[in-house]
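Examination of the molecular architecture
Each chain is listed here by its residues.
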Amino acid sequence: MLNNIFLKTLRDQRRSLLMWGAYLVILGVIMALFYPTISKMTAFNQYLAQLPEGMKEMFGPGIADYTSPAGYFSSELFSFMVPLLLLVFGIGFGANTIAGEEEKGTLGFLLTNPVPRWRVVADKFAVLVVSMSALGFLFWAGLAISVSAMSISISTLKLAEATLGACALALVFAAVAFLAGCIKGSKGISMGVAGGLAVLTYLLYTLGGMVTGLKNYRFLSPFYHYMEPDTLNKGLSPVHVLVLLGLMVILLAFSIPAFIRRDIAK
Amino acid sequence: MNNDVIINTTKLTKYYGKQLGIEEVDLVVQRGEVFGYLGPNGAGKTTTIRILLDFIRPSGGSAAIFGLDARQSSVAIHRRVGYLNGELELYNDMTGEDLLRYLGNLRGGLDWKYVQELAARFQCDLPRRIQGLSLGNKQKLGLLQAFMHKPELLILDEPTNGLDPLMQHEFYDLLTETKKEGRTVFLSSHILPEVEKVCDRVGIIRQGKLITVETIESLKSHSIRQLEIHFAAPVPKEKFVNIPGVRDIVVQDKSLTCTVIGSLDALVKASSRFEVVNIISHEPSLEDIFMTFYSEGKNNAE
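Numbers given for residues are sequential positions, taken from 1 along each chain in its written order. As a convention, the first chain written is A and the first ligand written is 1, with the rest following in written order. Two thresholds apply to this predicted model, a pLDDT of at least 70 for residue-level local features and 80 or more for giving and counting side-chain atom pairs, whereas whole-chain, interface and lining totals are computed over all residues.

1. Regarding the domain arrangement of chain B
On domain assignment, one finds that chain B holds domain 1 (5-219) and domain 2 (224-283). Boundaries of every domain are those given by an automatic assignment or by a domain database. Relative to domain 2 of chain B, the C-alpha centre of domain 1 of chain B lies at a distance of 40 Å.

2. Focus on the nonpolar core
Core analysis: the biggest nonpolar cluster contains 133 residues, and Ala174(A) and Ala177(A) have the highest contact counts within it. Each helix is a run of H or I in the DSSP string that is no shorter than four residues. Each strand is a run of E no shorter than two, and both are numbered from the N terminus. The element contributing the most residues to this core is helix α9 (residues 156-184) of chain A, with 18 residues. If near-sequence neighbours (up to four positions away) are discounted, Ala174(A) is found in contact with Gly90(A), Ile91(A), Phe93(A), Gly94(A), Leu128(A) and Met132(A). Counting seven residues, the second-largest nonpolar core is a separate cluster that includes Val235(B), Leu256(B), Cys258(B) and Leu267(B). Buried Ala, Val, Leu, Ile, Met, Phe, Trp, Tyr and Cys residues form a nonpolar core when they are connected through C-beta atoms within 7 Å. Note on burial: count the other C-beta atoms lying within 10 Å of the residue's C-beta; 20 or more is buried, 12 or fewer is exposed, in between is partly exposed, and C-beta positions come from the backbone. Contact between residues is assigned whenever the C-beta positions, reconstructed from backbone atoms, fall within 7 Å.

3. Structural notes on the interface of chain A and chain B
Counting residues at the interface gives 16 residues for chain A and 18 residues for chain B. Top contributing element to the side of chain A that touches chain B by residue count: helix α7 (residues 107-111) of chain A, with three residues. Here the nonpolar group is Ala, Val, Leu, Ile, Met, Phe, Trp, Tyr, Cys and Pro; Asp, Glu, Lys and Arg are the charged ones; every other residue, Gly included, is treated as polar. Here the side of chain A that touches chain B is composed, by residue class, of seven nonpolar, six polar and three charged.

4. Observations concerning the pairing of strand β10 (residues 209-215) of chain B
Residues and elements named next belong to chain B. Pairing of strand β9 (residues 201-206) with β10, which is carried by six bridges, proceeds in the antiparallel orientation. Along β10, the bridge assignment pairs Gly203 with Val213. Strands are treated as partners if at least two bridges between them are detected by DSSP. As consecutive antiparallel partners, β9 and β10 are separated by two residues, and within that stretch Gln207 has a phi angle of approximately 50°, a positive value.

5. Observations concerning the environment of Lys269(B)
Residue and element names in this part refer to chain B. Along the chain, Lys269 falls in helix α10 (residues 265-271). A tally of 10 C-beta atoms within 10 Å means that Lys269 is categorised as exposed. Sequence-wise, Lys269 and His222 are 47 residues apart; in three dimensions their C-alpha atoms are separated by 19 Å.

6. Thoughts on the sheet that holds strand β8 (residues 184-189) of chain B
Residues and elements named next belong to chain B. Taken together, six strands build an open sheet; the order of strands is β6-β7-β8-β3-β9-β10 and the sheet is mixed. One side of each edge strand has no neighbouring strand; the edge strands of this open sheet are β6 (81-84) and β10. The mean angle between the axes of side-by-side strands here comes to 15°, regardless of whether they run parallel or antiparallel. The sheet contact formed by strand β3 (residues 34-38) and β9 spans four bridges and is parallel. Among the inter-strand pairings, Gly36 is bridged to a residue of β9, identified as Val202. Helix-sheet contacts for helix α1 (residues 45-52) involve β3, β7 (153-157), β8 and β9, and the interaxial angle to β7 is about 145°. Strands in contact with helix α5 (residues 135-147) are β6 and β7; relative to β6, the strand with the most contacts, it is inclined by about 170°. Fitted lines through C-alpha atoms give the axes, limited to the stretch in contact for helices. The angle between two N-to-C directions lies from 0 to 180 degrees.

7. Topic: the packing of helix α2 (residues 14-39) of chain A against helix α8 (residues 117-149) of chain A
All names here are of chain A. At a minimum axis separation of 8 Å, α2 and α8 run at an interaxial angle of 25°. Considered as vectors, α2 and α8 are oriented roughly parallel to each other. For α2 against α8, the interelement crossing comes out right-handed. Contacts between α2 and α8 pair Leu17, Trp20, Gly21, Leu24, Val25, Gly28, Val29 and Ala32 from the former with Ser131, Ala134, Leu135, Leu138, Phe139, Gly142, Leu143, Ser146 and Val147 from the latter. Grouping the constituent residues of the contact of α2 with α8 by class yields 12 nonpolar, five polar and no charged. Reported orientations rely on four angle classes, namely roughly parallel under 35 degrees, roughly antiparallel over 145, roughly perpendicular from 65 to 115, and oblique for the rest. In this scheme, a crossing is called left-handed if the near helix is turned counterclockwise away from the far one by less than a right angle; it is called right-handed if the turn is clockwise.

In structure tokens form, the structure reads like this:
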């Protein structure tokens, strides 16, 4: 029974969540299945050792030993693919949930009910966090079961910690899209702003590793706080995760007054 | 605060950027009244309603419902209001029943028997997905969700949009019952006969300005109508020229056309001296009525 906006929003997400969940599980399982083959290709490491420093920076600190489980999963999953997928999901959701509903014309209909606007924002954002957590959990579960079944020597806890970091990173940009939707009510603008910001801050992080002038500003990039801790090797860095989650909370805190203050288009 | 004033706006003004929405609209709607808000598309009807419901914020002036500020107390107001959107968009992937139950939950519960009663009256197919419903059937769901919690005030934006005549009639009956129960209705429309049929008073809005607020009787008394009378035999024009309120008389053989302001009584009596075959009355268009008020307004101002 749909008792509130939270449950209704979650219900609206059910198909999308199932689909994304399935993709992420499949991705984790397939990457685990490939590992035994990769682990024998020691030539990779020699190749990597020859790369210039800057290039190594681009792949993140986890790349050092590609044929080790941590190196492999870092570079194949956690340095690009997983955060990218979660970002696409998160930005899409963040843009769709307020701005998308407004463009469809059902937001005004929803606000006719005796529900304060802050509650609409809070409920919808809560669904974003819950959905992201569910996707992260599904991905991790698929991966953890696979590596255990195949006796790959990597800590499932560290896999969980790295997944948590990726979710936190994605939530930051999802919250940017969400905030843009609360300010402007346009799905296109929300996705554009969040997507653009993601690309720019990603470049700041990767190029920052090579360009000396930028190096001191890398901490401004959320990607820095996700990649730099090298979670799969060294474990969770609470400070960096808290920075990401803190950013998310700040963005949410701006979303509420922005949405309360403005005119609803439809 | 007078307890019987349900809607009260003072110099309510809304600009969208530089574009005028409404300007200095003063409205008072009393308890138990069916108030018609009449105007052509784009006149500012929906803008007014959206301010009342706190979807948009006025650039100037103020709006109060039940004596509560429309913005500060929007949640408390919404609890006592039923609203039908002009451009109705519902959640397409739900069934009618799921939608009404969900909205009922947001309102803290419903008398589901009353919902079923209404659904039966309007022949709503509640188990069907909204996606596949026709415009008229969606509109009926819209009406149901506005009436289902028996609100004190109904704000209905173009409520008969897409309804067939039978359902329109059912809706008018429902309005009459609502009024009998002492509840208040504020409805916008661009159809004059509809407003004449169901409303006690009418506010006419044009280009963002409230031109006049009148009772239906007084509106009719200076309404303009085009009339066409067909006789069995040719009639002399002289017999009609001096009738009060009758203008633009053209007699052609057996037929007479003219413009009548207000009552038709004198003209009908004059015609009855001849054998009348047919009387055709053209309902005044909204624009005709606006022109009357507009020219009157201008004359008063000068």
